[in-house]
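# Breakdown of the fold
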Amino acid sequence: LYEVLDTASEDGQLSNLPVEVRFDQLAPGGDKLPPIFFTDDQLSGITVSDLVNGLLNLIVDPFFDSEQDDNIQLWLGTSATQGVYLAPSFGVGDPKTPNPVTIVKDDLAATPDGAKYFGYRVTDWAGNVSELSELVVVSVFLNLPVLLAPLVPENDDGLITYNDAVDNVGVEIPHFDG
């Protein structure tokens with residue numbers, strides 16, 4: 001039983017004020033947090049053109065037991081078991097609406113191009129930390145080498161035109177190490 005005493009009284013009388021007590025030992029998200037939302041374009045592979053001012057914009061959908069000021073911390077991995085939690089974390093605004101989150105280009109480019117695993121965890125006001133969310137695997141291509149244009153040796157002016165593209169014209173494709 002919890003009671004509040006009136007500190008203004010000299011004999012410690014009960015204040016009769018309501019006392020709100022909250023015990024929270026459950027991590028947010030329930031059994032499993034939903035995956036991060038990616039657009040169809042992002043799911044087909046992330047390139048520099050998907051970044052806005054050096055940021056990859058993503059969405060974390062509302063989750064079970066979401067509350068305002070829960071903190072979302074993104075996770076980025078090179079496999080389902082190898083990854084790191086990224087800074088900064090993102091506060092939940094309205095728990096009933098999607099939460100915008102971002103990943104900086106430097107974090108995406110810190111590992112070689114290829115399949116990357118995206119997830120997140122949530123910490124609530126009481127310090128309860130969820131398990132890692134369901135992971136989403138997306139190919140990331142930020143460190144692509146520069147591709148040289150094909151050459152037409154008979155008319156090597158740096159541009160292939162309609163007149164260059166005739167039968168039996170040789171075209172050289174520069175070597176690509178990729």
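These remarks concern the structure in this document. (Residues numbered from 1 in each chain as written. Predicted model: local features only at pLDDT ≥ 70, side-chain atom pairs only at ≥ 80, totals over all residues. Heavy atoms only, no water.)

### Quick word on the environment of G54
How we decide: In this description a helix means any DSSP run of H or I spanning at least four residues, a strand means any run of E spanning at least two, and both kinds are numbered starting from the N terminus. Note on classification: 1.4 Å probe, protein chains only; a residue is buried when its accessible area is under 20% of the maximum for its type, exposed when over 50%, partly exposed between these limits. Contacts are assigned to residue pairs that have any heavy atoms within 4.5 Å of one another.
By the element assignment, G54 lies in the loop between β1 (46-47) and β2 (55-60). Of the residues examined, G54 reaches a relative accessible area of 31% and is grouped as partly exposed. Not counting residues within four places of it along the chain, the set of residues in contact with G54 comprises I103, V104 and K105.

### Concerning the pairing of β2
As a reminder of what qualifies: DSSP bridges decide pairing: two strands pair if at least two such bridges lie between them.
Along β2, the buried face is formed by L56, L58 and V60; none of L55, N57 and I59, which line the opposite face, is buried. Inspection of the sheet shows β2 paired to strand β6 (residues 99-104) by six bridges, in the antiparallel sense. What sits directly across from V60, in β6, is N99.

### A short note on the packing of aromatic side chains
The test is simple: Any two of the Phe, Tyr and Trp rings considered here, Trp counted by its six-membered ring, make a pair once their centres fall within 6.5 Å; the pair's planes then place it as stacked at under 30 degrees, edge-to-face at over 60, or tilted in between. The criterion for a charge sitting over a ring is simple: Lys NZ or Arg CZ within 6 Å of the ring centre, and within 35 degrees of the ring normal.
Enumeration over the complete set of coordinates arrives at one aromatic pair. Relative to F118, the ring of F38 lies with its centre 5.1 Å away and its plane at 70 degrees, an arrangement referred to as edge-to-face. Of this pair, F38 sits in the segment before α1 (40-43) while F118 sits in strand β7 (residues 114-123), placing them 80 residues apart in sequence. Considered together, F38 and F118 belong to a single accessibility category, that of buried residues. A cation over a ring is seen here: R121 above Y85, with NZ or CZ 3.6 Å from the ring centre.

### Side note on unusual backbone geometry
With omega at 0 degrees, the peptide bond leading from A87 into P88 counts as cis. Take P88: it is sitting in the loop between β4 (83-85) and β5 (90-91). Even without a glycine there, the phi angle at D65 is positive, about 65 degrees. Looking at the secondary structure, you find D65 in the loop between β2 and β3 (71-77). The class for D65 is partly exposed, based on a relative accessible area of 29%.

### Digging into the side chain of D124
Test applied: Side-chain atoms alone can form a polar contact between residues adjacent in sequence; in general such a contact is a pair of N or O atoms within 3.5 Å, and within protein one must be able to donate a hydrogen while the other accepts it.
The topology assignment puts D124 in the loop between β7 and β8 (136-141). Here the side chain of D124 touches N128 through a polar contact of 2.9 Å, landing on its backbone nitrogen. Once you skip the residues sitting within four places of it in the chain, D124 turns out to touch D24, L26, P28 and D70.

Honestly, that's just the spatial picture; any functional story needs more than this.
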